[in-house]
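# Structural features, examined
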Amino acid sequence: MHENIYLEQTFLNEDKKSVWNRFINAKEFQSLFSKENKEFKQGNTGLLTWTKLLFFKMSAAYEIESYQECMNLLMKISSPKCSSLLLITMEENRDGILLRMDHRSFFGPQKIQYRVSFLKRWEKLFKNLSLK
């Protein structure tokens, strides 16, 4: 099984800021944070919490390694059971706005379970973004 998650999507006739804000404010992304996170800055830390099977909660700490609005977000996620890196990038090209998600470096005893849980969340997020 490939351990990295890589998703990308192109948005036509939209500007970078609206696509970026839609991603950052998406329910699937914001619901990870233990409190609503509207401000991303390099060095910010906090807690992530998500539910698996409605009754099993997983949690982790996060640290923003790098952030440039409408360009990139690099976040380190770590817990005793798994750690990973999440990179979101955006670029403008002749086909429109390209949004990429690269979630990788899953390490730890429960890396497979965490990867599967994140993959489902990210696929749902990208599907919902394309519907808007």
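Each residue is numbered by its place in its chain's sequence as written, counting from 1. Whole-chain, interface and lining totals are the exception, using all residues; otherwise, since this is a predicted model, local features are given only for residues with pLDDT of at least 70 and side-chain atom pairs are given and counted only at 80 or more. Derived side-chain values reflect all non-hydrogen atoms in the structure, with water molecules and hydrogen atoms excluded from consideration.

## Thoughts on helix α1 (residues 16–24)
- Those residues of α1 that sit buried are V19, W20, R22, F23 and I24.
- Any pair of nitrogen or oxygen atoms within 3.5 Å is treated as a polar contact; in protein, a donor-acceptor pairing is required on top of that, and neighbouring residues in sequence qualify only through side-chain atoms on both sides. The numbering of helices and of strands both runs from the N terminus, where a helix is a DSSP run of H or I of at least 4 residues and a strand a run of E of at least 2. Capping the start of α1, D15 holds a side-chain oxygen 3.2 Å from the backbone nitrogen of K17, two or three residues further along. Exposure is judged per residue with a 1.4 Å probe applied to protein chains only, and the accessible area is read against the type maximum: over 50% gives exposed, under 20% gives buried, and values in between give partly exposed.

## Digging into the nonpolar core
- Among the nonpolar cores identified, the biggest contains 36 residues, and F23, F29 and W122 are the most heavily contacted of them.
- Elements with a minimum of two residues in this core: β1 (5–11), α1, β3 (56–68), β4 (72–78), β5 (83–93), β6 (96–107) and α3 (111–131).
- The element contributing the most residues to this core is α3, with seven residues.
- Residues contacting F23, with those up to four places away along its chain left out, are F29, I88, L99, M101, L125, F126 and L129. Nine residue types can take part in a nonpolar core, namely buried Ala, Val, Leu, Ile, Met, Phe, Trp, Tyr and Cys, and a core is a set of them joined through side-chain atoms within 4.5 Å. Note on definitions: a residue-residue contact is assigned when non-hydrogen atoms from the two residues lie within 4.5 Å.

## A closer look at unusual backbone geometry
- Even without a glycine there, the phi angle at C70 is positive, about 65 degrees.
- Relative to the helices and strands, C70 resides in the loop between β3 and β4.
- For S105, which is not a glycine, the phi torsion comes out positive at approximately 60 degrees.
- Mapping S105 onto the fold places it in strand β6.

## Brief notes about the pattern of salt bridges
- In the sections that follow, a salt bridge refers to a side-chain nitrogen of Lys or Arg positioned within 4 Å of a carboxyl oxygen of Asp or Glu. What the rule picks out here adds up to eight salt bridges.
- When the shortest N-O distance is used, the salt bridge between E69 and K17 registers 2.9 Å. Residue E69 is found in the loop between β3 and β4, and its partner K17 is found in helix α1; the two are separated by 52 residues along the sequence.
- Take E69: its relative accessible area is 42%, and that puts it in the partly exposed class.
- Overall, K17 belongs to the partly exposed group, its relative accessible area being 42%.
- The salt bridge involving D102 is made with R104; its shortest N-O contact spans 3.0 Å.
- Taken together, the salt bridges that share partners define one network made up of E8, E91 and R100.

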